[in-house]
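Close look at the chain arrangement
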Amino acid sequence: MNALVHPQPSYLLSPTEAGIAQATALLQNEGIVALPTETVYGLAGKAESSLALKKIYEAKNRPAQNPLIWHVHNPEKAFALFAYSSLSLTNKNRLTRLATCFWPGPLTIVAPIAPTIKSVLPTIAVRIPKTAVTLEILRRCDFPLAMPSANLSTRPSPTSAAHVLKTLDGRIDAIMDGGVCDGGLESTVIMLDEARVKILRPGLIEPAALDEALQEQVSRVQAHSGPLSSPGQAFLHYAPMVQNIALLSRDEAAVHWSSVATFIAQKRVIDALAQQLGARPASAMTLALEDGPLGFAKQLYDALYAAEAYKERDLILVSPPNNEAWAAVKDRLSRAAGRLCGL
Ligand code: TXA
Ligand code: MG
(Lines give C-alpha, C1' and ligand atoms only; values in the text may rest on other atoms or scores of the structure.)
(Ligands and ions follow the chains in the order given, each with its own letter.)
Protein backbone atom coordinates (compact mmCIF):
# COMPACT_ATOMS: atom_id res chain seq x y z
CA MET A 1 0.00 0.00 0.00
CA ASN A 2 2.94 2.29 0.59
CA ALA A 3 3.76 2.03 -3.08
CA LEU A 4 0.54 3.88 -3.84
CA VAL A 5 1.16 6.57 -1.26
CA HIS A 6 4.77 7.10 -2.35
CA PRO A 7 4.95 6.10 -5.99
CA GLN A 8 8.58 5.42 -6.89
CA PRO A 9 10.07 4.79 -10.28
CA SER A 10 11.01 1.16 -10.77
CA TYR A 11 14.54 2.26 -11.47
CA LEU A 12 15.09 3.56 -7.93
CA LEU A 13 17.64 1.07 -6.58
CA SER A 14 18.64 0.49 -2.97
CA PRO A 15 22.18 -0.17 -1.74
CA THR A 16 21.61 -3.91 -1.30
CA GLU A 17 23.36 -6.75 -3.09
CA ALA A 18 20.57 -6.83 -5.69
CA GLY A 19 20.65 -3.05 -6.21
CA ILE A 20 24.45 -2.97 -6.52
CA ALA A 21 24.39 -5.86 -9.00
CA GLN A 22 21.72 -4.11 -11.08
CA ALA A 23 23.59 -0.78 -11.15
CA THR A 24 26.80 -2.55 -12.11
CA ALA A 25 25.10 -4.47 -14.93
CA LEU A 26 23.53 -1.28 -16.31
CA LEU A 27 26.91 0.47 -16.31
CA GLN A 28 28.63 -2.52 -17.93
CA ASN A 29 26.01 -2.31 -20.68
CA GLU A 30 26.71 1.39 -21.32
CA GLY A 31 23.67 2.61 -19.37
CA ILE A 32 23.69 5.72 -17.17
CA VAL A 33 22.97 5.53 -13.44
CA ALA A 34 22.83 8.25 -10.76
CA LEU A 35 25.07 7.30 -7.83
CA PRO A 36 25.45 8.88 -4.38
CA THR A 37 28.81 10.33 -3.39
CA GLU A 38 29.97 12.19 -0.29
CA THR A 39 29.76 15.46 -2.27
CA VAL A 40 26.63 15.32 -4.48
CA TYR A 41 24.90 12.66 -6.58
CA GLY A 42 26.77 11.93 -9.82
CA LEU A 43 25.41 10.67 -13.14
CA ALA A 44 27.66 7.72 -13.92
CA GLY A 45 28.50 6.12 -17.24
CA LYS A 46 31.43 4.09 -18.58
CA ALA A 47 34.04 6.78 -19.25
CA GLU A 48 35.60 4.96 -22.21
CA SER A 49 32.25 4.40 -23.95
CA SER A 50 31.31 7.12 -26.41
CA LEU A 51 27.71 5.84 -26.26
CA ALA A 52 27.53 6.20 -22.47
CA LEU A 53 29.11 9.66 -22.64
CA LYS A 54 26.63 10.74 -25.30
CA LYS A 55 23.78 9.58 -23.04
CA ILE A 56 25.19 11.59 -20.11
CA TYR A 57 25.54 14.80 -22.13
CA GLU A 58 22.05 14.37 -23.59
CA ALA A 59 20.35 13.54 -20.29
CA LYS A 60 21.92 16.56 -18.60
CA ASN A 61 21.67 18.82 -21.64
CA ARG A 62 25.31 19.62 -20.88
CA PRO A 63 27.43 21.80 -23.17
CA ALA A 64 29.79 19.54 -25.15
CA GLN A 65 32.82 21.69 -24.24
CA ASN A 66 32.44 20.96 -20.53
CA PRO A 67 34.56 17.87 -19.72
CA LEU A 68 33.70 15.21 -17.12
CA ILE A 69 35.51 13.97 -14.03
CA TRP A 70 36.65 10.32 -14.21
CA HIS A 71 36.05 8.30 -11.03
CA VAL A 72 38.02 5.20 -10.02
CA HIS A 73 38.34 3.11 -6.86
CA ASN A 74 42.04 3.27 -5.99
CA PRO A 75 45.07 5.54 -6.46
CA GLU A 76 46.84 3.08 -8.75
CA LYS A 77 43.91 3.23 -11.19
CA ALA A 78 43.85 7.01 -10.84
CA PHE A 79 47.55 7.47 -11.55
CA ALA A 80 47.23 5.24 -14.64
CA LEU A 81 44.88 7.83 -16.17
CA PHE A 82 47.60 10.49 -15.95
CA ALA A 83 50.73 10.71 -18.09
CA TYR A 84 52.45 9.61 -14.91
CA SER A 85 55.88 8.71 -16.28
CA SER A 86 56.27 12.14 -17.85
CA LEU A 87 55.38 14.00 -14.63
CA SER A 88 58.21 15.77 -12.81
CA LEU A 89 59.40 14.32 -9.54
CA THR A 90 57.78 17.29 -7.76
CA ASN A 91 54.41 16.47 -9.27
CA LYS A 92 54.74 12.76 -8.56
CA ASN A 93 55.44 13.61 -4.92
CA ARG A 94 52.50 16.01 -4.84
CA LEU A 95 50.22 13.33 -6.27
CA THR A 96 51.29 10.83 -3.64
CA ARG A 97 50.71 13.29 -0.81
CA LEU A 98 47.33 14.37 -2.13
CA ALA A 99 46.17 10.81 -2.69
CA THR A 100 47.30 9.79 0.79
CA CYS A 101 45.63 12.74 2.51
CA PHE A 102 42.40 13.12 0.54
CA TRP A 103 41.45 9.95 -1.37
CA PRO A 104 38.88 8.53 -1.17
CA GLY A 105 37.31 11.94 -0.74
CA PRO A 106 36.19 15.24 -2.25
CA LEU A 107 39.34 16.17 -4.18
CA THR A 108 39.52 16.13 -7.99
CA ILE A 109 42.98 16.30 -9.53
CA VAL A 110 43.58 17.60 -13.06
CA ALA A 111 46.89 16.58 -14.64
CA PRO A 112 48.25 15.67 -18.11
CA ILE A 113 46.28 12.78 -19.60
CA ALA A 114 47.79 9.35 -20.35
CA PRO A 115 48.61 9.05 -24.08
CA THR A 116 46.59 5.83 -24.25
CA ILE A 117 43.30 7.66 -23.55
CA LYS A 118 41.44 9.16 -26.49
CA SER A 119 40.58 12.78 -25.71
CA VAL A 120 40.61 16.19 -27.29
CA LEU A 121 42.01 17.65 -24.05
CA PRO A 122 45.65 17.51 -22.90
CA THR A 123 44.50 16.92 -19.29
CA ILE A 124 42.11 14.69 -17.36
CA ALA A 125 40.22 15.25 -14.07
CA VAL A 126 40.19 12.28 -11.67
CA ARG A 127 38.62 11.55 -8.28
CA ILE A 128 38.08 8.61 -5.90
CA PRO A 129 34.72 9.06 -4.16
CA LYS A 130 34.19 7.92 -0.58
CA THR A 131 30.61 6.62 -0.40
CA ALA A 132 30.76 2.86 0.17
CA VAL A 133 28.06 1.77 -2.28
CA THR A 134 29.59 3.78 -5.11
CA LEU A 135 33.11 2.57 -4.33
CA GLU A 136 31.77 -0.97 -4.45
CA ILE A 137 30.15 -0.36 -7.85
CA LEU A 138 33.43 1.14 -9.13
CA ARG A 139 35.28 -1.93 -7.85
CA ARG A 140 32.89 -4.32 -9.57
CA CYS A 141 32.92 -2.39 -12.85
CA ASP A 142 36.70 -2.09 -12.70
CA PHE A 143 36.59 0.58 -15.40
CA PRO A 144 36.49 4.35 -14.79
CA LEU A 145 33.10 6.03 -14.49
CA ALA A 146 32.56 9.54 -15.82
CA MET A 147 30.34 11.31 -13.27
CA PRO A 148 29.13 14.88 -13.56
CA SER A 149 26.61 16.00 -10.97
CA ALA A 150 23.23 14.29 -11.60
CA ASN A 151 21.18 17.37 -12.47
CA LEU A 152 20.05 19.08 -15.63
CA SER A 153 22.74 21.52 -16.68
CA THR A 154 22.42 24.96 -14.96
CA ARG A 155 20.28 23.61 -12.08
CA PRO A 156 21.37 23.05 -8.47
CA SER A 157 23.32 19.85 -7.82
CA PRO A 158 21.38 16.97 -6.22
CA THR A 159 22.08 15.93 -2.66
CA SER A 160 19.34 13.27 -2.47
CA ALA A 161 17.67 10.79 -4.82
CA ALA A 162 14.56 13.00 -4.74
CA HIS A 163 16.60 15.91 -6.14
CA VAL A 164 17.87 13.69 -8.96
CA LEU A 165 14.27 12.83 -9.84
CA LYS A 166 13.34 16.52 -9.95
CA THR A 167 15.40 17.17 -13.05
CA LEU A 168 16.37 13.80 -14.54
CA ASP A 169 13.30 11.58 -14.01
CA GLY A 170 12.73 9.58 -17.18
CA ARG A 171 16.08 10.64 -18.70
CA ILE A 172 18.36 8.06 -17.07
CA ASP A 173 18.43 4.28 -16.56
CA ALA A 174 18.44 4.12 -12.74
CA ILE A 175 19.17 5.89 -9.46
CA MET A 176 20.95 4.32 -6.52
CA ASP A 177 19.32 5.80 -3.43
CA GLY A 178 22.05 6.33 -0.85
CA GLY A 179 20.18 8.89 1.26
CA VAL A 180 21.32 12.46 1.77
CA CYS A 181 24.93 13.27 0.81
CA ASP A 182 27.23 13.96 3.78
CA GLY A 183 29.05 16.92 2.25
CA GLY A 184 26.39 18.41 -0.01
CA LEU A 185 28.82 20.48 -2.09
CA GLU A 186 31.09 19.44 -4.97
CA SER A 187 34.71 18.38 -4.77
CA THR A 188 37.56 20.86 -4.86
CA VAL A 189 39.14 20.71 -8.33
CA ILE A 190 42.88 21.37 -8.50
CA MET A 191 45.39 21.40 -11.32
CA LEU A 192 48.91 20.06 -10.97
CA ASP A 193 51.20 22.66 -12.43
CA GLU A 194 54.94 22.99 -12.30
CA ALA A 195 55.12 26.25 -10.40
CA ARG A 196 52.13 26.08 -8.05
CA VAL A 197 49.20 23.76 -7.61
CA LYS A 198 46.11 25.74 -8.62
CA ILE A 199 42.55 25.53 -7.35
CA LEU A 200 40.25 25.55 -10.39
CA ARG A 201 36.97 25.14 -8.48
CA PRO A 202 36.60 25.71 -4.72
CA GLY A 203 34.89 22.81 -2.99
CA LEU A 204 34.60 20.76 0.17
CA ILE A 205 38.34 20.66 0.79
CA GLU A 206 39.57 24.02 2.01
CA PRO A 207 42.68 25.62 0.51
CA ALA A 208 44.40 25.60 3.91
CA ALA A 209 44.08 21.79 4.09
CA LEU A 210 45.79 21.53 0.69
CA ASP A 211 48.61 23.87 1.83
CA GLU A 212 49.10 21.72 4.88
CA ALA A 213 49.15 18.44 2.97
CA LEU A 214 51.55 19.75 0.32
CA GLN A 215 53.66 21.93 2.61
CA GLU A 216 53.37 24.70 0.03
CA GLN A 217 50.90 27.48 -0.78
CA VAL A 218 48.38 26.45 -3.42
CA SER A 219 47.14 29.15 -5.74
CA ARG A 220 43.60 30.23 -4.84
CA VAL A 221 40.78 30.58 -7.32
CA GLN A 222 40.61 34.02 -8.92
CA ALA A 223 36.87 34.17 -9.44
CA HIS A 224 36.06 35.27 -12.99
CA SER A 225 39.36 36.93 -13.81
CA GLY A 226 41.85 35.79 -16.42
CA PRO A 227 41.57 32.80 -18.73
CA LEU A 228 39.48 29.91 -17.48
CA SER A 229 41.42 26.72 -16.95
CA SER A 230 38.36 24.74 -15.85
CA PRO A 231 35.83 24.95 -18.67
CA GLY A 232 32.85 24.30 -16.40
CA GLN A 233 33.47 27.55 -14.53
CA ALA A 234 32.25 29.45 -17.62
CA PHE A 235 28.68 28.18 -17.55
CA LEU A 236 25.61 29.18 -15.56
CA HIS A 237 25.38 26.80 -12.61
CA TYR A 238 23.39 25.88 -9.52
CA ALA A 239 20.51 28.19 -10.50
CA PRO A 240 17.11 27.47 -8.96
CA MET A 241 14.11 28.14 -11.24
CA VAL A 242 12.78 31.22 -9.48
CA GLN A 243 11.50 34.46 -11.02
CA ASN A 244 13.90 36.78 -9.18
CA ILE A 245 16.98 35.93 -7.20
CA ALA A 246 19.53 38.16 -5.49
CA LEU A 247 22.59 37.64 -3.33
CA LEU A 248 22.67 40.52 -0.86
CA SER A 249 24.56 41.62 2.20
CA ARG A 250 22.71 41.34 5.48
CA ASP A 251 21.87 45.07 5.49
CA GLU A 252 20.67 45.05 1.89
CA ALA A 253 18.58 41.96 2.58
CA ALA A 254 17.01 43.50 5.69
CA VAL A 255 15.13 45.99 3.48
CA HIS A 256 13.20 43.08 1.93
CA TRP A 257 12.68 41.14 5.17
CA SER A 258 8.90 41.54 5.23
CA SER A 259 8.23 41.48 1.51
CA VAL A 260 10.32 38.81 -0.20
CA ALA A 261 8.78 35.34 -0.62
CA THR A 262 11.81 33.24 0.27
CA PHE A 263 14.78 34.15 2.41
CA ILE A 264 17.84 31.91 2.81
CA ALA A 265 20.53 32.78 5.35
CA GLN A 266 22.52 31.46 8.29
CA LYS A 267 20.33 30.79 11.29
CA ARG A 268 22.08 33.45 13.34
CA VAL A 269 21.34 36.08 10.66
CA ILE A 270 17.68 35.08 10.52
CA ASP A 271 17.39 35.18 14.32
CA ALA A 272 19.03 38.61 14.51
CA LEU A 273 16.80 40.06 11.76
CA ALA A 274 13.69 38.59 13.38
CA GLN A 275 14.66 40.25 16.63
CA GLN A 276 15.34 43.56 14.96
CA LEU A 277 12.43 43.61 12.51
CA GLY A 278 9.82 41.19 13.85
CA ALA A 279 8.53 37.96 12.35
CA ARG A 280 8.22 37.52 8.60
CA PRO A 281 4.68 37.01 7.25
CA ALA A 282 3.41 33.53 8.11
CA SER A 283 2.98 32.69 4.42
CA ALA A 284 6.61 33.52 3.56
CA MET A 285 9.30 30.84 3.37
CA THR A 286 12.27 31.41 5.66
CA LEU A 287 15.10 28.91 5.46
CA ALA A 288 17.58 29.18 8.33
CA LEU A 289 20.66 27.13 7.46
CA GLU A 290 23.37 25.99 9.86
CA ASP A 291 25.77 28.71 10.97
CA GLY A 292 29.06 26.97 10.03
CA PRO A 293 30.24 26.60 6.42
CA LEU A 294 30.10 22.77 6.35
CA GLY A 295 26.59 22.58 7.81
CA PHE A 296 25.42 25.40 5.55
CA ALA A 297 26.92 23.66 2.50
CA LYS A 298 25.15 20.42 3.34
CA GLN A 299 21.75 22.15 3.39
CA LEU A 300 22.23 24.66 0.57
CA TYR A 301 21.06 22.77 -2.54
CA ASP A 302 18.04 21.37 -0.69
CA ALA A 303 17.13 24.94 0.26
CA LEU A 304 17.47 26.08 -3.38
CA TYR A 305 15.16 23.25 -4.51
CA ALA A 306 12.69 24.15 -1.73
CA ALA A 307 12.72 27.79 -2.86
CA GLU A 308 11.89 26.85 -6.43
CA ALA A 309 9.05 24.58 -5.35
CA TYR A 310 7.47 27.39 -3.35
CA LYS A 311 4.57 29.03 -5.15
CA GLU A 312 5.76 32.61 -4.67
CA ARG A 313 9.11 32.56 -6.27
CA ASP A 314 11.24 35.57 -5.35
CA LEU A 315 14.37 34.58 -3.50
CA ILE A 316 16.97 36.44 -1.46
CA LEU A 317 20.21 34.77 -0.46
CA VAL A 318 22.23 36.47 2.26
CA SER A 319 25.99 36.60 1.75
CA PRO A 320 27.91 34.54 4.31
CA PRO A 321 31.02 35.80 6.15
CA ASN A 322 33.96 36.95 4.09
CA ASN A 323 36.63 34.38 4.80
CA GLU A 324 38.27 31.43 3.09
CA ALA A 325 36.28 28.76 4.92
CA TRP A 326 33.20 30.11 3.11
CA ALA A 327 34.82 30.46 -0.35
CA ALA A 328 33.17 27.39 -1.90
CA VAL A 329 29.71 28.22 -0.52
CA LYS A 330 30.09 31.81 -1.67
CA ASP A 331 31.10 30.67 -5.15
CA ARG A 332 27.92 28.54 -5.40
CA LEU A 333 25.68 31.32 -4.04
CA SER A 334 27.13 33.82 -6.54
CA ARG A 335 26.61 31.42 -9.41
CA ALA A 336 23.09 30.50 -8.27
CA ALA A 337 22.30 34.22 -8.33
CA GLY A 338 23.81 34.52 -11.82
CA ARG A 339 26.57 36.85 -10.64
CA LEU A 340 29.37 35.00 -12.44
CA CYS A 341 29.95 34.13 -16.09
CA GLY A 342 28.28 37.35 -17.20
CA LEU A 343 24.70 36.07 -16.87
O1 TXA B 1 31.96 16.42 -6.37
C2 TXA B 1 32.08 16.32 -7.60
O3 TXA B 1 33.11 16.68 -8.20
C4 TXA B 1 30.90 15.73 -8.37
C5 TXA B 1 30.77 14.26 -7.99
C6 TXA B 1 29.67 13.55 -8.71
O7 TXA B 1 32.00 13.61 -8.16
N8 TXA B 1 31.06 15.89 -9.77
C9 TXA B 1 30.97 17.12 -10.38
O10 TXA B 1 31.09 17.07 -11.76
O11 TXA B 1 30.79 18.16 -9.77
P12 TXA B 1 30.69 18.28 -12.70
O13 TXA B 1 30.76 17.73 -14.08
O14 TXA B 1 29.41 18.86 -12.28
O15 TXA B 1 31.88 19.29 -12.54
C16 TXA B 1 33.17 18.92 -13.01
C17 TXA B 1 34.07 20.13 -13.10
C18 TXA B 1 33.63 21.05 -14.23
O19 TXA B 1 33.80 22.39 -13.79
C20 TXA B 1 34.61 20.70 -15.36
O21 TXA B 1 34.81 21.77 -16.25
C22 TXA B 1 35.87 20.38 -14.57
O23 TXA B 1 35.40 19.67 -13.44
N24 TXA B 1 36.78 19.53 -15.36
C25 TXA B 1 36.58 18.29 -15.82
N26 TXA B 1 37.64 17.88 -16.56
C27 TXA B 1 38.53 18.90 -16.55
C28 TXA B 1 39.84 19.10 -17.12
N29 TXA B 1 40.42 18.16 -17.86
N30 TXA B 1 40.45 20.28 -16.91
C31 TXA B 1 39.87 21.24 -16.14
N32 TXA B 1 38.65 21.11 -15.56
C33 TXA B 1 37.99 19.96 -15.78
MG1 MG C 1 27.77 20.05 -12.00
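Just above sits the structure.
Quantities reported herein were computed from a predicted structural model and do not represent experimental measurements. (Residues numbered from 1 in each chain as written. Chains lettered and ligands numbered in written order. Predicted model: local features only at pLDDT ≥ 70, side-chain atom pairs only at ≥ 80, totals over all residues. Heavy atoms only, no water.)

Describing the environment of T134
Note the cut-off: Secondary structure follows DSSP: runs of H or I at least 4 residues long count as helices, runs of E at least 2 residues long count as strands, and numbering of each begins at the N terminus. The rule is simple: take the accessible area with a 1.4 Å probe, protein chains only, and divide by the maximum for that residue type; under 20% is buried, over 50% is exposed, in between is partly exposed. Here a residue-residue contact requires only that any non-hydrogen atoms of the pair lie within 4.5 Å. Whenever a nitrogen or oxygen atom comes within 3.5 Å of another N or O atom, the pair is scored as a polar contact, on the condition that within protein one atom can donate a hydrogen and the other can accept it, and that pairs from neighbouring residues in sequence are kept only if both atoms are in side chains.
Among the structural elements, T134 can be located in helix α6 (residues 132–141). Take T134: its relative accessible area is 0%, and that puts it in the buried class. It is 9.8 Å that separates the C-alpha atoms of T134 and G42, two residues lying 92 residues apart in sequence. Those residues within four positions of T134 in sequence are excluded, and the remaining contacts are L35, P36, P129 and M147. Here the side chain of T134 touches P36 through a polar contact of 2.5 Å, landing on its backbone oxygen.

Comments concerning the packing of helix α2 (residues 17–28) against α6
Spelled out, the test is: Every axis corresponds to a line fitted to the C-alpha atoms, with the helix fit spanning only the stretch in contact, and the corresponding angles, defined between N-to-C directions, vary from 0 to 180 degrees. If an angle is under 35 degrees, it is roughly parallel; if it is over 145, roughly antiparallel; if it lies from 65 to 115, roughly perpendicular; otherwise it is oblique. When the near helix sits turned anticlockwise from the far one by under a right angle, the crossing is termed left-handed; a clockwise turn instead gives a right-handed crossing.
Running from N to C, α2 and α6 cross one another at 50 degrees; their axes reach a closest spacing of 10 Å. Here α6 runs oblique to α2, going by the angle between their axes. Seen along the crossing, α2 lies across α6 with a hand that is right-handed. Between α2, through E17, I20, A21, A23, T24, L27 and Q28, and α6, the contact on the second element is made entirely by V133, E136, I137, R140 and C141.

Describing the side chain of R62
How we decide: Working convention for charge: Lys and Arg count positive, Asp and Glu count negative, and His plus the chain ends are omitted. Salt bridge, as used here: a side-chain nitrogen of Lys or Arg that lies within 4 Å of a carboxyl oxygen of Asp or Glu.
Secondary-structure assignment places R62 in the loop between α3 (50–60) and β4 (69–71). Here R62 sits buried without a salt bridge, and the closest side chain of opposite charge, E186, lies 9.3 Å off (N-O distance). Apart from the residues within four sequence positions on either side, R62 is in contact with Y57, P67, L68, P148 and S153.

Regarding α2
Formally: Residue count minus one, scaled by 1.5 Å, sets the expected span of a helix. Here the arc refers to the set of directions running from the helix axis out to each C-beta atom.
Helix length check: α2, at twelve residues, gives a terminal C-alpha distance of 16 Å against a target of 16 Å (1.5 Å per residue), a fit within 8%. By the burial criterion, the buried members of α2 are G19, I20, A23, T24 and L27. Axial view of α2: buried residues confined to an arc of 130 degrees, hence all on one face. Away from its buried face by more than 90 degrees, α2 exposes E17 and A18. Where α2 is buried, its residues touch β1 (12–13), β2 (33–35), β3 (42–46), α6, β7 (145–146) and β8 (174–176). Directly beyond the C-terminal end of α2, a positive phi value near 65 degrees is found at E30.

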